[in-house]
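Next come the chains, spelled out residue by residue.
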Amino acid sequence: VLECSWKELENAVDTAQDLDCIIEAHKRFICIVSERLMLSEEHKTVLEKLYANYKNVINFIGQYDDSSEQLKTNNILRGERATTARQKTRQGGWGTDAEEQATQKEQDTLFAAQLADISDKMRDSRAKFASSLTDFLVVLSQKPDDAMKFLSLRIDFNEYYHSKTYSGGASASPYINRTRSLVM
């Protein structure tokens, strides 16, 4: 965005005949950059939807980190259990006794609950992201600016989110004609 606009500004300044032409070129540059970076007031809803998507991604990263830590901790625990059982077996004893088995069962139950919680959180994150991304795509497709419609097409190029969200029929989709309006 900036590079192309900057080049246009440089060309306008190089060919300017007076200071008024330079000022006008600069105003045009600021206007174009503000528009293309979605900083204008008319793009406020687009930015709000975009920020909602960023927030979902950041939340997912946090959940991923927490889940990875829980899984790593459980993996270390299971490795320690296996090592202890091998050592006891080499020494001629049983790998685990009744007390250790009870402790392992408690740990396994806790881990199963953690896995269920991780799964639920991931499923919830996926649903929130799909919903907020679809909202973003709808807002983009409703903008009269072709750049916004093209952005919508690039994000959902195979209409994955379109087909998942609007499976109730073609007329249910608010952005069904997005490709047709760009072709004309």
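About the criteria used
- Residues numbered from 1 in each chain as written.
- Predicted model: local features only at pLDDT ≥ 70, side-chain atom pairs only at ≥ 80, totals over all residues.
- Heavy atoms only, no water.
- Helix = DSSP H or I, 4+ residues; strand = E, 2+ residues; numbered from the N terminus.
- pLDDT = per-residue confidence, 0-100.
- Contact = heavy atoms within 4.5 Å.
- Phe/Tyr/Trp six-rings, centres within 6.5 Å; stacked < 30°, edge-to-face > 60°.
- Buried < 20%, exposed > 50% of the residue type's maximum accessible area, 1.4 Å probe, protein only.
- Core = buried A, V, L, I, M, F, W, Y, C linked by side-chain atoms within 4.5 Å.

Overview of the environment of Leu2
Counting through the fold element by element, Leu2 comes out in helix H1 (residues 2–14). As a C-alpha pair, Leu2 and Phe29 span 27 residues in sequence and 9.2 Å in three-dimensional space.

Section: the confidence of the model for the chain
Mean pLDDT over the chain: 84, with 87% of residues reaching 70 or higher. Across the chain, the element-wise mean pLDDT spans from 44 in helix H7 (residues 178–183) up to 92 in helix H3 (residues 44–90).

Details of the environment of Ile32
Within the secondary structure, Ile32 sits in helix H2 (residues 19–36). As for Ile32 and Leu2, which are separated by 30 residues in sequence, their C-alpha atoms are 9.3 Å apart. Those residues in contact with Ile32 that sit more than four places away from it in its chain are Ser5 and Glu8.

Observations regarding the packing of aromatic side chains
Throughout the structure, instances matching the rule amount to one aromatic pair. With a centroid separation of 5.7 Å and 75° between ring planes, the pair formed by Trp6 and Phe29 is classed as edge-to-face. In this pair, Trp6 sits in helix H1 while Phe29 sits in helix H2, placing the two residues 23 residues apart along the sequence. What makes Trp6 partly exposed here is its relative accessible area of 45%.

Section: the nonpolar core
Met38, Val46, Leu47, Leu50, Ala130, Leu133, Phe136, Leu137, Val139, Leu140, Met148 and Tyr161 form the largest nonpolar core, which has 12 residues in total. Among the elements that line this core, the one with the most residues is helix H4 (residues 98–142), at six residues. The residues touching Val139, leaving out its near neighbours within four places in the chain, are Thr45, Val46 and Lys49. Leu9, Ala12, Ala25 and Phe29 belong to the second-largest nonpolar core, a separate cluster that totals five residues.

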